[in-house]
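Chains, contacts and geometry: an overview
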Amino acid sequence: MEHIYTFPDGRQVLTLGQGTWNMGDSGATRVEELKALRAGIDLGLNVIDTAEMYGSGRSELLVGEAIEGRRNQVFLISKVLPSNASRQGTREACERSLKRLGTDYLDLYLLHWQGRYPFEETIEAMLDLQQAGKIRQWGVSNMDVEEIKKFFALPGGDTCAANEVLYNLTRRGIEYDLLPWCRKHKIPVIAYSPVEQGRLLSHPVLTEIAHRYSATPTQVALAWVLRNPGVIAIPKAATVKHVQENFKSLFLQLTDDDLAELDCTFPKPRKKKMLEML
């Protein structure tokens, strides 16, 4: 299976990327985290996701160091906090993120979640930044169907290029309505915490399926997320070994029987659920 997604602007990315939540917070782990991010780039995991909120900018500083001299190999995502998401505030937040990241543009800039500012202001700011060449594309995060529909209905809102949400075997609510809606409108879903921050990894069913393939539970959980067209998974990996383990999930093809077993253990949603967040 070819794990490639093509954005509206023609940019292609591998559907397995690198998340950076809680990275950059400790000097003791910084060197290993830098090695991990660079190892991911070497393997072609070109999506790197960060945010101004992560470590109050420390994650962006780490990413900036990791991609130095390799900016053209990376599809870089960052996010604006809702408290900064006015028209002027979004532009200023973007400039601060660009400075920390050591780059003059973002491939994708997201509103982290809905806040007090009207969507109209945030959209106007995103379009301003796009026009100025500061961002290539923009999108949203933690937006359920009703919220993203409101975005789409506003002037310029239909240029929204992604929605980043919580999605894994234990958090399948988006499959009921949000995932189909995003597919219909050709908006990729970026799945954060695809292994539920590691809490899935001791589950006996994942362990059993992993054993069949001489794989790991992490690889099974990621292969399950990656089975979906139009879904990009961004697991965090703070060590080179973990990055390499994640990468191998791209080559694990789960069978219909495997998927049925996982459906039995982690049932599909049968009704609308509120969008979950971490």
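Everything below is about the structure printed above this text.
Throughout what follows, the structure given in this document is the object of discussion. (Residues numbered from 1 in each chain as written. Predicted model: local features only at pLDDT ≥ 70, side-chain atom pairs only at ≥ 80, totals over all residues. Heavy atoms only, no water.)

**Observations regarding empty space enclosed by the protein**
In this structure the tally under the stated criterion is three cavities of 30 Å³ or more. One number sums up the size of the largest cavity: a volume of about 70 Å³. Forming the boundary of the largest cavity are 13 residues, of which Gly 173, Ile 174, Met 274, Leu 275 and Glu 276 lie nearest the centre. In this model, the second largest cavity occupies a volume close to 50 Å³. Lining of the second largest cavity is provided by Leu 16, Gly 17, Gln 18, Gly 19, Leu 45, Pro 235, Lys 236, Ala 237, Val 243 and Asn 246. Of all the secondary-structure elements, those providing two or more residues to the lining of the second largest cavity are β3 (18–19) and α9 (240–248). When the residues that make up the lining of the second largest cavity are grouped by side-chain class, the tally is five nonpolar, four polar and one charged. (1 Å grid on protein atoms, 1.4 Å probe; cavity = no way out; pocket = protein on both sides within 12 Å on 5 of 7 lines; lining within 4 Å. Points joined across faces, edges and corners; volume = space filled by probe spheres on them. Helix = DSSP H or I, 4+ residues; strand = E, 2+ residues; numbered from the N terminus. Nonpolar A, V, L, I, M, F, W, Y, C, P; charged D, E, K, R; others polar.)

**Brief notes about the sheet that holds strand β9 (residues 189–192)**
Judged by pairing direction, the sheet is parallel, and its eight strands sit side by side in the order β3-β4-β5-β6-β7-β8-β9-β10 without closing on themselves. The open sheet has two edge strands with one neighbour each: β3 and β10 (231–233). In the sheet, β9 pairs with β10 via three bridges, with the strands oriented parallel. Within the sheet, the bridge partner assigned to Ile 190 lies in β10 and is Ile 232. On top of the sheet, helix α4 (residues 119–131) reaches β5 (75–80), β6 (106–111) and β7 (135–141); it is set at about 160° to β7, its chief contact. (Pairing = 2+ DSSP bridges. Contact = heavy atoms within 4.5 Å. Axes fitted to C-alpha atoms, helices over the stretch in contact; angles between N-to-C directions.)

These results come straight from atomic positions and should not be treated as a statement about function.
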